[in-house]
Amino acid sequence: MTMTYDIIVVGGGHAGTEAAAAAARLGAKTVLITPDLTRIAQMSCNPAIGGVAKGTVAREVGALGGVMAQATDASRIHFRMLNRSKGPAVWGPRAQCDRALYPIAVRRILDGLENLDLFQEMVTGLHFDGGVRGVETRGGITFEGRAVVVTAGTFLRGRIHVGGSAAQGAGRAGEGPSIELAEALEARGLEMARFKTGTPPRVDGRSVDFSRCERQDGDDDPFRFAFYAREPLPRQLPCWITWSGKGLKEIVTANLRRSALYGGEIAGQGPRYCPSIEDKVVRFPNARRHQVFLEPEGLDTTELYVNGLSTSLPPGVQLDFLRSIPGLEEAKMTKPGYAIEYDYFPPHQLHHTLEVRGMPGLYFAGQINGTTGYEEAAGQGLVAGANAALAVQGREPFVIERDQGYIGVLIDDLVTKGVDEPYRLFTSRAEFRLLLRQDNGPSRLGTLARSVGLLTPGQEDALKERLGEEERARAWFGGHLLTPAAAEPALRGTGGGTPKQPQRARELLRRPGVTAEGLLQAAGEDAPDFDPDVLATIEIDVKYEGYVRREVERALKLRAQADFAIPADAPYSNFATLSFEARQKLSHIRPQNLAQAGRIPGVSPADLQNLVMEVRRLRSSTPEAEARSATVSN
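Small disclaimer: the values here were computed from a predicted structure and weren't measured. (Residues numbered from 1 in each chain as written. Predicted model: local features only at pLDDT ≥ 70, side-chain atom pairs only at ≥ 80, totals over all residues. Heavy atoms only, no water.)

1. Thoughts on the sheet that holds strand S22 (residues 362-364)
(1) Moving on: In spatial order, the strands read S7-S3-S2-S11-S22; together these five strands make up an open sheet with parallel pairing. Edge positions in the sheet fall to strand S7 (116-120) and S22, since each has one partner strand and no second. Going across the sheet, the axis of each strand differs from the next one's by a mean of 20°, ignoring polarity.
(2) Moving on: Sheet analysis places strand S2 (residues 7-10) next to strand S11 (residues 147-150), joined by four bridges and oriented parallel. In the sheet register, Val10 faces S11, and the bridge partner there is Val150.
(3) Moving on: Together, S2, strand S3 (30-34), S7 and S11 form the strand contacts of helix H1 (residues 14-25), whose direction differs from that of S3 by roughly 165°. (Pairing = 2+ DSSP bridges. Helix = DSSP H or I, 4+ residues; strand = E, 2+ residues; numbered from the N terminus. Axes fitted to C-alpha atoms, helices over the stretch in contact; angles between N-to-C directions. Contact = heavy atoms within 4.5 Å.)

Below, the structure is given as structure tokens:
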């Protein structure tokens, strides 16, 4: 049996669903193949989307027409805007989602795409003929295609570890690993390595004494991740905070030898910024306590996710240390935590389109590239799926630059810097984070998505409406005059005093403490009604206008560097003016332009200057250049 498509997506996680949806929206005949269609877009670890930088990525995926933002709105049961006390460049929307509702929302969105088919099977191999031409499945079905996007997550030779018991082959709890596909990719000569990640135990909320925990309610405002859809928002549930202490530390320390990680069963590197409780106890021996969050798994379950206690200790030890925590003295554990070790492919082997170098038509996205997190996976999946479809259609590639989106920062970091631990996004990784805010996705990326064809007709209409509302708001604030008496309520308590003459709302909005909403209220009943998200964008743009302008100027300089292309076959080993380390790194990464070369660790500013000279010398010595020179001299 043979089935033919334009694009084949392997894996139905967050990267796979975005890749398949993006290719389908671009008009490519697409199939998503995954071992279990009932687990499509499953939230394998914490059922939460967003956070600092990650929340911006989720909104960027939404601005590009993706699935994640809309599905998050349909399933969010606890929302908080992180870092509100800091500048808007680092605000981070985060939603705790209903673990059951999220994949239902994703499936509904995918089923609405006419160019997308879903198929339940395990992919075991790839077909090559000058490039990737299809996949083979365990059931003997062949899928022919012109491009393949592999989003295998933690399934490639995945092994689950729980304490001292023998490791089990699994992609995640209850699902088998992908052995044959890992072997097939390795046989093509690709470099592979191992990473590990983990999950904490879950507990029954009915067994928790919440009087001993600190209650944390969500924000009241009806924030939405999606820009182009208005999903009904479910009711919110509280989260709870407690702390591990001396008792847990003693239990973990006494049982370290029984941990899969410290007992020597796991060799893969784990995530630095999401350490296991064993890591915390070993790495921070002087810490008196560690924060623990009890987060609801859904509206129709009492199960709680115990955030902060990822572990690979035996279940009995897990129950013991749970019961050492205030509020959990009588806790009933519903699921033990576990660690999982899996194969990934170091991402220096990729182009910025996420196509594998030297293997036309093969794309990687998600944890297979050494990342961690649903949001990072979704961003990569969208870019990989879009580029696969564009390549099949003979169109220009789709690349997000570092000054355009956190997704661009993520992919550029992976390709030019590589990874030595599971990669996680932070605002500190972005040079232009005041441009890459969570509120302005439509103007940054929506117009780009529309120009490529990534938006559905309905999404295009919503984008047009959003951008139009932003223009109307800018015009109102730039043109509306407020008398001193009318402005006084909005200025009260800001310490700036009341102006003696009427002033435009935009000038008043520049003042610290003055809000766009306050000025609209001061204008009276005739003031227009604007979406709160639009007002946030206008307010930040006005208050930080000078800083934004400087970041734009810096971004333009970076673009100028990007215009200096470096030949793909540049003989770096012959560039004697470069340092030895720079020659090694450049030969390994093979950047496409000077801007990318400048972000490679070990390549100094002096190396960059010499690289320009070497490339210009190389170009002048080509046969074409010599022929032009001879023609001029004659």
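2. A short note on helix H20 (residues 605-620)
(1) Moving on: With 16 residues, H20 extends 23 Å from end C-alpha to end C-alpha; this agrees with the ideal 22 Å at 1.5 Å per step.
(2) Moving on: Against the buried residues of H20 lie helix H18 (580-589) and helix H19 (594-598). (Expected span 1.5 Å × (residues − 1).)

3. Side note on the confidence of the model for the protein
(1) Moving on: In this model, the protein carries a mean pLDDT of 93, and residues with pLDDT of at least 70 account for 98%.
(2) Moving on: Across residues 625-634 the pLDDT falls below 50, and counting only partners more than four positions away or on other chains, this stretch makes four contacts in the model. (pLDDT = per-residue confidence, 0-100.)

4. So, the side chain of Thr72
(1) Moving on: Mapped onto the secondary structure, Thr72 falls in helix H3 (residues 68-75).
(2) Moving on: In terms of polar contacts, Thr72 uses its side chain to reach the backbone carbonyl oxygen of Met68, at 2.8 Å.
(3) Moving on: In contact with Thr72, not counting residues within four places along its chain, are Ile49, Ala95, Cys97, Tyr102 and Phe225. (Polar contact = N/O pair within 3.5 Å; in protein donor to acceptor, adjacent residues only side chain to side chain.)

5. Examining the nonpolar core
(1) Moving on: In terms of nonpolar packing, the biggest core is built from 124 residues, with Leu362, Phe364 and Phe398 touching the most fellow members.
(2) Moving on: Tallying contributions element by element places helix H9 (residues 374-392) first for this core, with eleven residues.
(3) Moving on: Discounting residues that sit within four places of it in the chain, Phe398 has contacts with Leu64, Leu382, Val383, Ala386, Asn387, Leu390, Leu448, Val452 and Leu454. (Core = buried A, V, L, I, M, F, W, Y, C linked by side-chain atoms within 4.5 Å. Buried < 20%, exposed > 50% of the residue type's maximum accessible area, 1.4 Å probe, protein only.)

6. What to know about the pattern of salt bridges
(1) Moving on: Across all of its chains, the model carries 42 salt bridges by this definition.
(2) Moving on: A salt bridge links Arg402 to Glu431, with the shortest nitrogen-to-oxygen separation between them at 2.9 Å. Pair noted here: Arg402 is in the loop between H9 and helix H10 (406-417) and Glu431 is in the loop between H10 and helix H11 (441-452), with a separation of 29 residues, a long-range link.
(3) Moving on: The closest approach of N and O atoms between Glu545 and Arg549, which form a salt bridge, is 3.9 Å. Placement of both Glu545 and Arg549 in helix H17 (residues 545-562) is noted, with a separation of four residues, approximately one turn of the helix.
(4) Moving on: Given the relative accessible area of 46%, Arg549 is considered partly exposed.
(5) Moving on: Residues participating in the shared-partner salt-bridge network are Arg59, Arg437, Asp439, Arg466, Glu470, Glu471, Arg474, Asp533 and Asp541. (Salt bridge = Lys/Arg side-chain N within 4 Å of Asp/Glu carboxyl O.)

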